[in-house]
Amino acid sequence: MIFGRGTRLNIEAKLEVEPDYYKLVGGETTACLATGFTRQNGTSNHTLFKDKTAAVRIENDKVYNQVVVLPTGNNGDECETESKDSSCEDSIKPDPKVNFVSVTVLCLRLLFIKTVVFNVLMTFRLWISQ
């Protein structure tokens, strides 16, 4: 929020979370992504992010994200060195209850389609016989 000239109010969470850094490569372009931090200036101590871009927060989200496109010739080694966890793992595990409900819904849909087709065939048979 900005109140008049020069007065700026930043409301930040009490919980302080440090950013996670990821190197993004696409063709000839290399970028460094800092994500999941709670302070707007959470990347100020990182050399790649000094005076480059501002940290942004998606509406109704609690964390900031920031990305910087690296100049050509910089392969982004500094980006990965400060990362706590460089592995991205799938944290979604299959749930037996969800699988059971999905199969049940599929069976009910098939039963409904079978009923509709049977009724249509019986209606045509009745029309033909008259």
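Residues numbered from 1 in each chain as written. Predicted model: local features only at pLDDT ≥ 70, side-chain atom pairs only at ≥ 80, totals over all residues. Heavy atoms only, no water.

Along its length, the protein chain carries two helices and six strands. When the helices and strands of the protein chain are placed in sequence order, the string is β-β-β-β-β-β-α-α. A burial count over the protein chain gives 17% of its 130 residues as buried. Within the protein chain, contacts between residues separated by at least 24 positions form 51% of all contacts whose residues are at least 6 apart in sequence. (Helix = DSSP H or I, 4+ residues; strand = E, 2+ residues; numbered from the N terminus. Buried < 20%, exposed > 50% of the residue type's maximum accessible area, 1.4 Å probe, protein only. Contact = heavy atoms within 4.5 Å.)

Moving on: a nonpolar patch on the surface. Residues Phe 112, Ile 113, Val 116, Val 117, Phe 118, Val 120, Leu 121, Met 122, Phe 124, Trp 127 and Ile 128 make up a contiguous nonpolar surface patch of roughly 1200 Å² in combined accessible area. Turning to its location among the elements, Phe 118 is positioned in helix α2 (residues 96–129). (Patch = residues over 30% accessible without salt bridge, like charges linked within 9 Å, V, L, I, M, F, W, Y side chains within 5 Å. Areas by Shrake-Rupley, 256 points an atom, 1.4 Å probe, with all protein chains shown as cover. Salt bridge = Lys/Arg side-chain N within 4 Å of Asp/Glu carboxyl O.)

Our next topic: the nonpolar core. Core analysis: the biggest nonpolar cluster contains eleven residues, these being Tyr 21, Cys 32, Ala 34, Phe 37, Leu 48, Phe 49, Ala 55, Tyr 64, Val 68, Leu 70 and Cys 79. For this core, the secondary-structure elements that each account for two or more residues are β4 (29–37) and β6 (64–69). For this core, the element with the most residues is β4, which contributes three residues. Aside from chain neighbours lying at most four places away, what touches Cys 79 is Tyr 21, Tyr 22, Lys 23, Cys 32, Leu 33, His 46 and Leu 48. (Core = buried A, V, L, I, M, F, W, Y, C linked by side-chain atoms within 4.5 Å.)

A word on the sheet that holds β4. Ordered by their spatial adjacency, four strands build an open sheet running β3-β4-β6-β5, and the pairing between neighbours is antiparallel. If you trace the sheet from one side to the other, it starts and ends with β3 (20–26) and β5 (56–57), each paired once. One ladder, built from six bridges, connects β4 with β6; its direction is antiparallel. Bridge assignment links Ala 34 to a residue of β6, and that residue is Gln 66. (Pairing = 2+ DSSP bridges.)

In this section: the confidence of the model for the protein chain. Here the protein chain averages 79 in pLDDT, and 83% of its residues register 70 or above. The weakest mean pLDDT in the protein chain belongs to strand β1 (residues 2–3) at 60; the strongest belongs to α2 at 96. (pLDDT = per-residue confidence, 0-100.)

Further remarks concern the packing of aromatic side chains. This model, assessed by the stated rule, comprises two aromatic pairs. The interplanar angle of 25 degrees and the centroid separation of 6.2 Å between the aromatic rings of Phe 37 and Tyr 64 together place this pair among those described as stacked. A residue pair is termed long-range when its members are at least 10 positions apart, and Phe 37 in strand β4 and Tyr 64 in strand β6 qualify at 27 residues. For Tyr 64, a relative accessible area of 11% gives the class buried. Taken together, a centroid distance of 5.8 Å and an interplanar angle of 50 degrees make the contact between Phe 124 and Trp 127 tilted. Residue Phe 124 and its partner Trp 127 are both found in helix α2; the two are separated by three residues, about one turn of the helix. Take Phe 124: its relative accessible area is 42%, and that puts it in the partly exposed class. (Phe/Tyr/Trp six-rings, centres within 6.5 Å; stacked < 30°, edge-to-face > 60°.)

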